[in-house]
Structure formats: C-alpha cells, structure tokens
Amino acid sequence: MKYRFDVLAANHTGTLSRIARMLESRNHTLLNLQSTIVEDDVSRIRLVVVASPQSAEKIRLSLHRMIGVIEVRMQEALEAV
Amino acid sequence: MNRSGAEMILTALRKEGIDTLFGYPGGAVIPLFDVLYDARDVRLIMTRHEQAAVHAADGYARATGKTGVCIVTSGPGATNTITGLATARMDSVPLVLISGQVTRSLLGNDAFQEVDTLGITQPVTKHNFMVSERRDLPRIMKEAFYIASSGRPGPVVVDIPKDVQTEFLDDEYPESVSIRGYQPEPEVSPAAVQTLIEAVGKARKPLFFIGGGMVISEASEMFLHLLECWDVPCVTSLMGIGVLDSRHPLNLGMIGMHGSIAANKAVSECDLLIALGVRFADRSTGNTARFAPKARIAQVDIDPTSIGKNVRVDIPVVGSLRSVLGMILEKADRLEYNDWLEETRRFVADEHQLKQEMSRKGTRGPASESLPSPQEILRIVQDSFPEAVYVTEVGQNQMWAAQNLRFSRPRRWLTSGGLGTMGYGLPAAIGAKAAHPDLPTVVIAGDGSIQMNIQELATLVQEQIPLVVVILNNGYLGMVRQWQELFAGGRYASTCLHHAQGCERKCRPGMPCAQPGLDFAAIARAYGAEGFSVRNLADLKTACERARASNRPVIIDCAIDREANVWPIVAPGKGIDQMEYQGVSV
C-alpha cells in the first residue's frame, strides 16, 4: 500500500538525509519526496512510500521519534502525489 | 564574557558537571586540548585509540548513570569512533562525542583528515550536530547534553570545525533548553496502566521480564517495592542483570539463547509476560513464533518504536518506567500466585539437578590435562572480588560471566549487549574505574576479544588505574568455534588463535594441537602491568590475592579447555523452549 507522510521539521543540516537514511535502513524506497519551507526554520516534508500497514506505522513512529521533527501525519495515499 | 569556542566548550563541560573526559588529540582539536591543558578540575584520560575513548566514556556512563564525554580529532579520529558510538546506541548509553573538523573554508574539499562526520555518524547516533557558526555553539552543546541523557538515552556527536574553536565571541552558556517537537518523557496513559494492573490481577501465571531500561531509568528500587506487593517471579535480559539480586528467590535468571533453563521455561509457561524496559532482542526471544505462546504480553517502554517491534504486544504502555511504576505502586494490592511460584521453583530445582547430572557425566572424554572450568574460575574470581564492577568482552567469556557471576545491584555489570562489540571490555573498564576508584574493577575477557583493544594497557599504566583482567584463554575465538562445531560441520575456519607455523590450519573437533599461543603475562609486563599465567585453581587464587594487593593493572591469563562450550544453548531458528544442554535436548 502507498502511504503519505507529512512531516513538519526544523530546517537544519541533516534533517532530510536523516529521514532518507531511516527509510533506507528499513529497506524502503521513496515514490515521492518534497520539501518546502513553511515558516522560519521549519520545512514541510512530504514522503510517499510503499509499505505494509505495520511498516508504515513503524515509519510513522520513527519519524515521530526523530529529533528536529515537530509533527507527523500519515495517511493512505490513493495515488502518488 | 568574551571567549573562544574552545573555552566555551570547556564552560559547557563544567556547567554540565563533567569532571572526567576521555579522548585522543589531533590536528583539528588542538585548540580544545589547549584549554584543557590548564583545566585542573577536568581530568582527561588519553586512551591509545579513539574507539577505546568512546568505550571508556560508555563504561563511565553505565557505571554512574551520568553522561560520558569524549573528544577526538577529525577524519580517522572520527571514523575510529563508529564502533563505540554504535555500541552505545544499541544499549542506550548517554554519551557526548566532540569531534574536531577541518576549518570551514576547507569543508567539502577533501582536505587533510576531512571526513563527513555528520553523514557517517548519523545511523549510529541518537542525534548529531555540526557547529557551522560560533554563535550556535553554546545552544548546540546544551542541546547535545540534553538529548544524550533524556528520554531513551543515546550518543550525540557534536562536530566542531577548528576555526569555530578559535573564534571569539561574547556570549554565555544557556541555562535552559527547549527543542521543538522533542518529547523525551511521553505522558503516561492512566487507562493503559489500569489495563496492565487489571491484567495482573486476572492472571494465574504472571512473569516479569526486566531489561536494561530498568537500570537506565534508575527504577530498580521502585521495582523492589512492587515485588513486595506482587509475588511475581522475574526473568531478565542480558542488560537487566543486577536490577534484582541474583540470589533473590523470585529471580529465575536470564532468558534467551544462553539463558537459564528455568527462565526460558517460565516464559514458555506464563500466561502474562510483563516486559519492563526490554526490546525483545532476537537473542532473548529465539524464534518469536514460539515465544511466550500461552501469554498475553504487556510492554512498558519509554520509546514507542520499541513497543511491539519484535513480538506482538497486547498491552502497550508508553512512558518512563519510573512514572509507570509510580502509578502502579499507588494502586497495587497484595497479589499472590503460590501455585505458579511452586511451579517456577520446580523449574529451578530441575535445572539444578540436570546440571549436576551432566557435570558427573562430563562433556567430552577425559581431557589431556585437567584444566579448571570457566565456572570454577569465575567462582574464585568473584570470591576474591565480591563487591566489584564486572565488565566483559564479547563471546563465550560474556555468556559464562552472565550465567555465573552474581550481582546485588545495578550498574555493576557492564557488557556490550545489542552490538556485541569485542574489544569493549578493557576500555569500558577504564571508564568504570575512573568513575569508581574505590571499587575493584574486573574485566572478564577471552583471548580473542582482549586483543581488540589490548593497547589500552598503556593507558592503564600511564594513568595508574589498577584493573584486574581475567582472560579465559582457549586459543580460539570460542563462540564462533562453538557455532562451527554445532552448526557448521565442525570445520573450525579461521577461529584458532595459536601460532600456525607448519600447521595446515584445518582445525577440527578434538584435534590435538602442539602450537603455542600468546604469552599474555609477558605482554602485561612489557606494558608495565603485572601478569600471571595460571593452569590450576590454586595458582588462580594466589594470582587473585596478588591482584587485590597490587596497585597496578594485572592480567591473569587462565588456560581453559580449548573446546569448552556455553550451555545451555537455543540453536538459531529454534524457540527458547527448545534448549540443548551438552548436546541433549532439555
């Protein structure tokens, strides 16, 4: 299944690579990755990933645990945006 | 106050209450070492390898609960720390590593001793920073110490370019810290705790499974109070050893691949497993399909990603153990499980009887010379050093130590659990001894693992740190050899550590070997330490007495049966209810 994650994160050196590396360590590839500045020093990072529901939940928790991540929203994505 | 970046780092260390550092100098940290030169209130222990500096800071942290700090230079200095960081990450050890970096104008130029420290250390740290502006330095140092020690602790790297260390700025170290989105101590759900309490009330065969999280969160005493209300037997993980006295009647021992038969049986028979600060590592669970098949599983952990990661969890409770145990204690009524306790006592008695029968039979024909067993050696060592910090290397030595040493409190048993790092023991013991100079510190090592950081004997001698290193010397990488014997057709590929002159290096089970091994006592003496080689228990006792009286580091090299195995064992892929003891299913 495809899942979309909307992540609000501090726009610091290493944030994006930390997220990419976490997905890599779980053997997931990205279908889509966008990063936009939404306010001073904060980016919204949108990821679309193919994962089982269990793996998606693990990704959500891992994103949530990451230092610099402020908020994580996950939803099933009907199509890759 | 106007000060250089290096002076600000020293200020940060002082403000964080750090009085002991471990490190190794180099080009990119000369300004930092320069300010430490005059700092009489901060002791810097220089190791002989950066990996050892991280392990030493790790040992210091595990022995005290405080954050360990180390300082290394850029490039190879930083890359040498990776094993140490990964070790600390796996076992949730609070560490701050300060690494020097090349001057900012050279970043990305393949400068001398330049490496992408941030990129390389990311997967093995809880978090990492590069300080690209001098004005960010105090905030980042404050955040680094906060992140390392809060929530589920872990190692944090702060990479600091050399010109940031020398740049002056008029600023102060912050008093407080706040990181947006970082919630180290999640709020505990009272409903989840209530569900857990009700489940214990309904259970007929509840069992506690306690792990390293109990040590980290300093929750052992609260747990002992809980055991006064709930008469529930306990098993531990490797990292949970010491939380509950090894001789406590409710303590059934460690579970897992080399766990006690009684503990593994209890997991298989219980109807409620209450996991406190464990992560259900594969070495603990064996085949998860066969793990605790009759039980509902409750898990309390501060890290939500640890809950239900490896086994199904029916009652998840996210929160610090201190908070959760506090909430349980407020409501806990007296609960007794006499039939179940009787059953678990039988497991222990059966195991004891089995071991006695097996030891009468012997493991494998008469040995050419009757060398003491690892069990006998460990008993004598612990009789000589009853109140000591024990630090292990990794392999058979570690498992024999876990099975045979007895502990009455936490933070006296330091071992590399998750990563299984050979070479951890000796340097970690330096940190432990630096933290507790009055406590004897004993390293239990194998002849393979001790050589991974044996250069640290030089640190011990230079710093006049008296440690006792007991080498269980079988001339093999014993645990790998044991697996080759049991699971790889007895082909001992590259596990022999003896000299190989004129030898085809095709070792097989039971094959006699006339080749000499290393003379560790001579190595010890060459470094300026004391060394003893022993082949019997009387000589071991004498060596321990000499070690107790000595103010120098001591190596006691104990010859053991070359092919002694660790029993019991759960073969890979098997459930923990399928144990073998000396080749017999039990």
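Residues numbered from 1 in each chain as written. Chains lettered and ligands numbered in written order. Predicted model: local features only at pLDDT ≥ 70, side-chain atom pairs only at ≥ 80, totals over all residues. Heavy atoms only, no water.

Re empty space enclosed by the protein
All names here are of chain B.
Here is step 1 of the chain: Enumeration according to the criterion identifies 1 cavity of 30 Å³ or more in this entry.
Here is step 2 of the chain: Volume-wise, the largest cavity comes out at about 30 Å³.
Here is step 3 of the chain: Looking at the largest cavity, the residues that line it are Gly17, Ile18, Asp19, Thr20, Tyr60, Lys66 and Thr67. (1 Å grid on protein atoms, 1.4 Å probe; cavity = no way out; pocket = protein on both sides within 12 Å on 5 of 7 lines; lining within 4 Å. Points joined across faces, edges and corners; volume = space filled by probe spheres on them.)

Topic: the domain arrangement of chain B
Residues and elements named next belong to chain B.
Here is step 1 of the chain: The assigned domain composition of chain B is domain 1 (2-170), domain 2 (190-348) and domain 3 (365-475 + 517-564).
Here is step 2 of the chain: In this structure, domain 1 and domain 3 have C-alpha centres spaced 30 Å apart.
Here is step 3 of the chain: Counting residues at the interface gives 26 residues for domain 1, matched by 27 residues for domain 3.
Here is step 4 of the chain: Between domain 1 and domain 3 we count 1 salt bridge in total.
Here is step 5 of the chain: In this structure, Glu463 and Arg43 form a salt bridge, with 3.2 Å as the shortest nitrogen-oxygen distance.
Here is step 6 of the chain: The element that contributes the greatest number of residues to the side of domain 1 that touches domain 3 is helix H3 (residues 50-64), accounting for 11 residues.
Here is step 7 of the chain: By residue class, the composition of the side of domain 1 that touches domain 3 is 11 nonpolar, 10 polar and 5 charged. (Domains from an automatic or database assignment. Contact = heavy atoms within 4.5 Å. Salt bridge = Lys/Arg side-chain N within 4 Å of Asp/Glu carboxyl O. Helix = DSSP H or I, 4+ residues; strand = E, 2+ residues; numbered from the N terminus. Nonpolar A, V, L, I, M, F, W, Y, C, P; charged D, E, K, R; others polar.)

A closer look at the sheet that holds strand E4 (residues 69-76) of chain A
Residue and element names in this part refer to chain A.
Here is step 1 of the chain: On the basis of which strands lie adjacent, the open sheet formed by 4 strands has the order E2-E3-E1-E4 and antiparallel pairing. Looking at which strands have only one partner, the edges of the open sheet turn out to be strand E2 (30-39) and E4. Across the sheet, the axes of successive neighbouring strands diverge by a mean angle of 15°, strand direction being ignored.
Here is step 2 of the chain: Set on the sheet, helix H1 (residues 15-25) makes contact with strand E1 (2-10), E2 and strand E3 (42-50); between it and E3 the angle comes to about 15°.
Here is step 3 of the chain: Contacting E1, E3 and E4, helix H2 (residues 53-65) runs over the sheet at an angle of about 165° to E4. (Pairing = 2+ DSSP bridges. Axes fitted to C-alpha atoms, helices over the stretch in contact; angles between N-to-C directions.)

As for the interface of chain A and chain B
Here is step 1 of the chain: Contacts between the two partners involve 15 residues from chain A and, on the opposite side, 19 residues from chain B.
Here is step 2 of the chain: Both faces combined, the contact of chain A with chain B buries some 1500 Å², and carbon together with sulfur accounts for 53% of it.
Here is step 3 of the chain: On the chain A side of the contact with chain B, Arg18(A), Arg65(A) and Ile67(A) bury the most area, a combined 43% of that side's loss.
Here is step 4 of the chain: For the pair chain A and chain B, the number of links is 2 salt bridges.
Here is step 5 of the chain: In this structure, the salt-bridge partner of Glu39(A) is Arg180(B), at a minimum N-O distance of 3.6 Å.
Here is step 6 of the chain: Tallying contributions element by element places H2(A) first for the side of chain A that touches chain B, with 5 residues.
Here is step 7 of the chain: A breakdown of the residues in the side of chain A that touches chain B according to their chemical character gives 5 nonpolar, 5 polar and 5 charged. (Buried area = accessible area lost by both parts, 1.4 Å probe.)

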